[in-house]
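# Commentary on secondary and tertiary structure
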Amino acid sequence: MLIRYLLLLSLSLPFFSRADTVTFVTENLRPFNYVEDAHLTGISVELLRLVWQEMGQEPQAIKVQNWEKAYYLLQHRPNMALFLTMRSPRREEMFHWACPITTSDIELIALKSRAITLDTVDSTSNLLFGAMKASVGEQLLLYKGVEYEQIALTEDLEKALRMLKRERVDVIASEPEVITQTAIALGFDEELFESVYRLGELEGCFAFSQGTDPNYLKRFRAALTKVTQTDQYQQLLVKYRM
């Protein structure tokens, strides 16, 4: 009788995750989150550890996955947080948000030697665009009317940047600070590239999947707000050239 009662009680409770069951996932994308010398670092990683400290929570393992796969799982798997995720109108109702990690421009980057100038971006643009699969850059291009066939999608930004340097695409959609630091990591001269069009400005955030414990979200957001008001956060912005 007791077992039956406990079973009925458990079924009647809302389905939320416990705080210690949230899985944090990130991708390899400088300067936000990246692996260097077998060590996961970046402004969002260091910020997350400060938030955990503020919450009194022990640091935990952070999974590194391909962006497209991680973004897909975030839409279907409960109790998951993906960072750094750009907060866009298209994504607003899909996830729970804790913001900001940073605020960044999403721009079209080209080779300076091409001298590309753009006044508008739409389906009439006679360009081949590069973007990461499932990225906000791809979403903004599609929103502006660029045809899917005009976008060359890649698994990661390093491949997109190599394609741009070899002139296999005309422009790529990304954050300028990401392009700069990825170029340096690849041994490219950062002065080869320039921004030719601004797609928009968005917050970079921690995105939590549906089903995450609202009490945990409240505590996490409060801790994030407190940490981003400290000198430590300002030092992170300087350290990562944000």
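Presented here is a report on the structure given in the accompanying data block. Note that the structure is a prediction, hence the values are computed from the model and not measured.

Among the nonpolar cores identified, the biggest contains 83 residues, and Phe 24, Leu 108, Leu 141, Phe 206, Phe 208 and Phe 220 are the most heavily contacted of them. Tallying contributions element by element places strand β10 (residues 193–208) first for this core, with nine residues. Apart from residues lying up to four places away in sequence, Leu 141 is in contact with Leu 108, Val 121, Phe 129, Ala 131, Val 146, Ile 151, Ala 173 and Leu 199.

Within the fold, Thr 154 resides in strand β8 (residues 151–154). Since its relative accessible area comes to 2%, Thr 154 is described here as buried. A polar contact is formed between the side chain of Thr 154 and the backbone oxygen of Asp 156, at a distance of 2.9 Å.

Now for the state of the cysteines. Summed over all chains, the structure comprises one disulfide. With its sulfur 2.0 Å from that of its partner, Cys 99 forms a disulfide with Cys 205. Note on the Cys 99 and Cys 205 pair: the S-S dihedral is about 110°, so by sign convention the disulfide is right-handed. On the criterion of sequence distance, the pair formed by Cys 99 in strand β6 (residues 96–111) and Cys 205 in strand β10 is long-range, its members being 106 residues apart. The exposure class of Cys 205 is buried, given its relative accessible area of 0%.

Criteria and thresholds
Residues numbered from 1 in each chain as written. Predicted model: local features only at pLDDT ≥ 70, side-chain atom pairs only at ≥ 80, totals over all residues. Heavy atoms only, no water. Core = buried A, V, L, I, M, F, W, Y, C linked by side-chain atoms within 4.5 Å. Buried < 20%, exposed > 50% of the residue type's maximum accessible area, 1.4 Å probe, protein only. Helix = DSSP H or I, 4+ residues; strand = E, 2+ residues; numbered from the N terminus. Contact = heavy atoms within 4.5 Å. Polar contact = N/O pair within 3.5 Å; in protein donor to acceptor, adjacent residues only side chain to side chain. Disulfide = S-S within 2.5 Å.

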